[in-house]
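Spelled out, the chains give:
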Amino acid sequence: MLAAVPLWGLEPAMTLNERQAFGDMHPNGQARFWGMTSNQDKGAEGLGTGDVVLFTGRNHVQAVGEIGVVTRNRALADSLWDPHPDRGSYHNVYSLKSFEKTMIPYAEIWALPSFNAGDNFMGARFPNR
């Protein structure tokens, strides 16, 4: 799940500012990445360093991450992942400055504000908006 990727292999797809930002955020030279397609552009605009993300599946939160660098870069995204066949590039890219594997049952998350019992957590959500 979300293996760390060496930054040096991605540098040709990054702008100079992105190289600096990713290098500063991830001084060990590698980072975990996630991306979202254009249908999530509006929500992705509000993401920032320090925001918390949940990675879900099989009725559990399987990992919790903290966002590092956020950018919109199609070349970078396409060097990380094949574009979605219908929605295209995962061009809303963010790195994770922290990442912790977990196994939290959905029922525990349903009790939190902005969540509903029976929710199966499909797609990206932006509960603070």
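Described in the following lines is the structure provided in the data block. (Residues numbered from 1 in each chain as written. Predicted model: local features only at pLDDT ≥ 70, side-chain atom pairs only at ≥ 80, totals over all residues. Heavy atoms only, no water.)

**A few points about the pattern of salt bridges**
Two side chains carrying opposite charge are able to pair once their charged atoms lie near each other.
Moving on, step 1. Evaluation of the coordinates by the stated rule reveals three salt bridges.
Moving on, step 2. Linking Asp-41 and Arg-72 is a salt bridge whose minimum nitrogen-to-oxygen distance equals 3.6 Å. Taken as a pair, Asp-41 in helix 2 (residues 41–45) and Arg-72 in strand 4 (residues 60–72) lie far apart in primary sequence, 31 residues in all.
Moving on, step 3. One salt bridge connects Lys-97 with Glu-66, and the closest N-O pair in it is separated by 3.5 Å. Of this pair, Lys-97 sits in strand 5 (residues 92–105) while Glu-66 sits in strand 4, and the two are 31 residues apart along the sequence.
Moving on, step 4. Since its relative accessible area comes to 40%, Lys-97 is described here as partly exposed.
Moving on, step 5. Here the residues in one salt-bridge network are Asp-41, Glu-45 and Arg-72, joined through shared partners. (Salt bridge = Lys/Arg side-chain N within 4 Å of Asp/Glu carboxyl O. Helix = DSSP H or I, 4+ residues; strand = E, 2+ residues; numbered from the N terminus. Buried < 20%, exposed > 50% of the residue type's maximum accessible area, 1.4 Å probe, protein only.)

**Quick look at the pairing of strand 5**
Moving on, step 1. In the sheet, strand 2 (residues 30–36) pairs with strand 5 via five bridges, with the strands oriented antiparallel. Directly across from Met-36, in strand 5, lies its bridge partner Asn-92.
Moving on, step 2. Two strands pair when backbone bridges link them, and strand 4 and strand 5 are joined in this way by ten bridges, in the antiparallel orientation. Note that in strand 5 the partner of Gly-65 across the bridge is Phe-99. (Pairing = 2+ DSSP bridges.)

**So, the sheet that holds strand 1 (residues 5–6)**
Moving on, step 1. Read across the open sheet, the five strands follow the order 1-2-5-4-3; overall the sheet is antiparallel. In this open sheet, the two edge strands, each paired with only one partner strand, are strand 1 and strand 3 (52–57).
Moving on, step 2. Relative to strand 2, strand 1 runs antiparallel, the two sharing two bridges. Looking at the pairing, Pro-6 lines up with Gln-30 of strand 2.
Moving on, step 3. Helix 1 (residues 16–25) rests against strand 2, strand 4 and strand 5 of the sheet, and its axis sits at about 140 degrees to strand 4. (Contact = heavy atoms within 4.5 Å. Axes fitted to C-alpha atoms, helices over the stretch in contact; angles between N-to-C directions.)

**Quick word on the environment of Thr-71**
Moving on, step 1. Checked against the element boundaries, Thr-71 lands in strand 4.
Moving on, step 2. Through-space distance from the C-alpha of Thr-71 to that of Phe-33 is 11 Å; in sequence the pair is 38 residues apart.
Moving on, step 3. Excluding residues that lie within four positions of it along the chain, Thr-71 makes contacts with Glu-18, Phe-22, Leu-76, His-91, Asn-92 and Val-93.
Moving on, step 4. Reaching out from Thr-71, the side chain makes a polar contact with the side chain of Glu-18 at a distance of 2.4 Å. (Polar contact = N/O pair within 3.5 Å; in protein donor to acceptor, adjacent residues only side chain to side chain.)

**Notes on the environment of Thr-15**
Moving on, step 1. As for its position among the elements, Thr-15 is in the loop between strand 1 and helix 1.
Moving on, step 2. For the pair Thr-15 and Asp-41, spaced 26 residues apart in sequence, the C-alpha separation works out to 20 Å.

**Here we look at the packing of aromatic side chains**
Moving on, step 1. The final tally for this structure, using the stated rule, is five aromatic pairs.
Moving on, step 2. Ring geometry for Trp-34 against Phe-55: centres 5.1 Å apart, planes inclined by 75 degrees, an arrangement best described as edge-to-face. With a gap of 21 residues between them, Trp-34 in strand 2 and Phe-55 in strand 3 connect regions that are remote in the sequence.
Moving on, step 3. According to the relative accessible area criterion, Trp-34 is partly exposed, its value standing at 37%.
Moving on, step 4. Taking 6.3 Å as the distance between ring centres and 50 degrees as the angle between the ring planes, the aromatic pair formed by Tyr-106 and Trp-110 counts as tilted. Of the two residues, Tyr-106 and Trp-110 both sit in helix 4 (residues 106–110), four residues apart, roughly one turn of that helix. (Phe/Tyr/Trp six-rings, centres within 6.5 Å; stacked < 30°, edge-to-face > 60°.)

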